[in-house]
Amino acid sequence: MEKQSSFLESVELKTDNSFWQGKNVIITGHTGFKGGWLAIWLTQLGAKVAGYALDPLTDPNFFSITNIEKSVKDHRDDIRDLSALEGVIRSVEPEIIIHMAAQSLVRESYRDPLGTYATNVMGMVNLLEAARSCDSVRVVLVVTSDKCYENREINYGYCESDPMGGHDPYSSSKGCAELVTAAYRRSFFEDQSEVALAVASVRAGNVIGGGDWAADRIIPDAMRAFSNKQTLRVRNPDAIRPWQHVLEPLSGYMTLCEKMWVQPSRFSGGWNFGPEDESVCTVGEVTDRVSELWGVDASWKKSSGDHPHEATLLKLDISKAKEELDWSPRWNLERALGKTVGWYKSYYNGEDVGEMSLKQIEEYQVS
């Protein structure tokens, strides 16, 4: 772990870090998969990063094995606790808040709908209440999900103006979070011709990458099974999803924050960050390729039995981000899968995955 720590402190990534240098940023959910990757990236860009989250939910987890706590101000508490959240935000005095804390699993939302809505909806309300009571805040970025849209199961990329919805509690809670964000933005952060505080919501596709060990996600499930020489069981191999490496949406989030800082009224609102059409494919196709990349002892079969409803077809329209933010995906699915499986292989071989994570960030930035 000492090796990982020294690398995190010394590496200098090849990027223009002038915007993020010295910015006070708080990430809710920094102990999670996406939050951990973002914390590492922003730290290396020179930001002063604080985090607010519960303890990591899995063992192992990306946060612990990459020693992120050594480079961020690590606050542990529940997003449902408004008093605790307000206290931390007042003490940090962030200029930018990136809200990722959530119950993020569809199947878990069937098991615990009350907890899912409490975290994803009222936690969202708490975050916006805390933000509007802190004078230092200029930008709030709310991370929801591509599942926030009312899914009609048609071959259509959902765009930002499409209606919110959701069949299951998780998807519905994310649609609710979008409505809450829009209501707070219109009610409290817009002042006719002037925007007092920039607030945007972002929706990403199926995110993959090294360091995710959540239950009921295809890549973590595959890595657990293959590393233990077990056959992977796949619930919905025919489901179609927009697959993207974790660095893709994070780069979009960071770009959007920079734009909102300069022109809050123009860039506040909802944004999609997904892959190109060539990276939209079935779970079975992705599992086949992951099995090939892993190699020996990798096999899968369709899981038998009944399972809770999950969307069969889901795509995002990313033309708004392309046209207005000059953002576009850099890694196709083949490269994203190669980077992901390579990361897990390094972990199971006992290599320094903190170093590998930063090298992947650098490779992404120069690609």
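Q: Could you give me a rundown of the packing of helix H11 (residues 283-294) against helix H13 (residues 333-348), with the residues and numbers involved?
A: Running from N to C, H11 and H13 cross one another at 45 degrees; their axes reach a closest spacing of 10 Å. Here H11 lies oblique to H13, going by the angle between them. The handedness of the crossing between H11 and H13 is right-handed. Within the contact between the two elements, H11 uses Val286, Arg289, Val290, Leu293 and Trp294 and H13 uses Leu333, Glu334, Leu337, Gly338, Val341, Tyr344, Lys345 and Tyr348.

Q: Please set out the side chain of Asp352 residue by residue, giving values where relevant.
A: With respect to the secondary-structure elements, Asp352 resides in the loop between H13 and helix H14 (353-366). Its relative accessible area of 13% is what places Asp352 among the buried residues. Here the side chain of Asp352 touches Glu355 through a polar contact of 3.1 Å, landing on its backbone nitrogen.

Q: Give a description of the sheet that holds strand S12 (residues 240-245) that names residues and reports values.
A: If you trace the 3 strands from one edge of the open sheet to the other, you get S10-S12-S14, paired in mixed fashion. Whereas interior strands pair on both sides, the edge strands pair on one side only; in this sheet they are strand S10 (206-208) and strand S14 (280-282). Direction aside, neighbouring strands of the sheet carry axes that sit 50 degrees apart on average. Relative to S14, S12 is paired through 3 bridges, and the arrangement is antiparallel. Its bridge partner being in S14, Ile240 is matched across the sheet by Thr282. Sitting on the sheet, helix H9 (residues 247-262) touches S10 and S12, and the angle it makes with S12 is about 70 degrees.

Q: Hey, could you go over the pairing of S12 for me, with residue numbers and the actual values?
A: Judged by how many residues are buried, S12 sits mostly within the fold: 5 of 6 residues are covered. As defined by bridge partners, S10 adjoins S12 across 3 bridges and the pair is classed as parallel. Following the sheet pairing, Asn206 is matched in S12 by Trp243.

Q: Summarise the sheet that holds strand S2 (residues 48-53); cite the residues concerned and give the values.
A: If you trace the 7 strands from one edge of the open sheet to the other, you get S3-S2-S1-S4-S5-S9-S13, paired in parallel fashion. Of all strands in the sheet, those with a lone pairing partner are strand S3 (73-76) and strand S13 (269-273), marking the two edges. For this sheet the average axis-to-axis angle between neighbouring strands, irrespective of direction, equals 20 degrees. Bridge count between strand S5 (residues 139-143) and strand S9 (residues 198-204): 5 bridges; the pairing is parallel.

Q: Account for the packing of H13 against H14, with residues named and values stated.
A: Where H13 contacts H14, the two axes come as close as 10 Å, and the packing angle between them is 160 degrees. Judged by the angle between their axes, H13 and H14 are roughly antiparallel. The two elements H13 and H14 cross, and the hand of that crossing is right-handed. Residues Lys339, Gly342, Trp343, Ser346 and Tyr347 of H13 pack against Val353, Met356, Ser357, Gln360 and Glu363 of H14. Residues belonging to the contact of H13 with H14 are distributed by class as follows: 4 nonpolar, 4 polar and 2 charged.

Cut-offs used in this document
Residues numbered from 1 in each chain as written. Predicted model: local features only at pLDDT ≥ 70, side-chain atom pairs only at ≥ 80, totals over all residues. Heavy atoms only, no water. Axes fitted to C-alpha atoms, helices over the stretch in contact; angles between N-to-C directions. Helix = DSSP H or I, 4+ residues; strand = E, 2+ residues; numbered from the N terminus. Parallel < 35°, antiparallel > 145°, perpendicular 65-115°, else oblique. Left-handed = near helix turned anticlockwise from the far one by under 90°. Contact = heavy atoms within 4.5 Å. Buried < 20%, exposed > 50% of the residue type's maximum accessible area, 1.4 Å probe, protein only. Polar contact = N/O pair within 3.5 Å; in protein donor to acceptor, adjacent residues only side chain to side chain. Pairing = 2+ DSSP bridges. Nonpolar A, V, L, I, M, F, W, Y, C, P; charged D, E, K, R; others polar.

Purely geometric stuff here, so don't read any function into it on its own.
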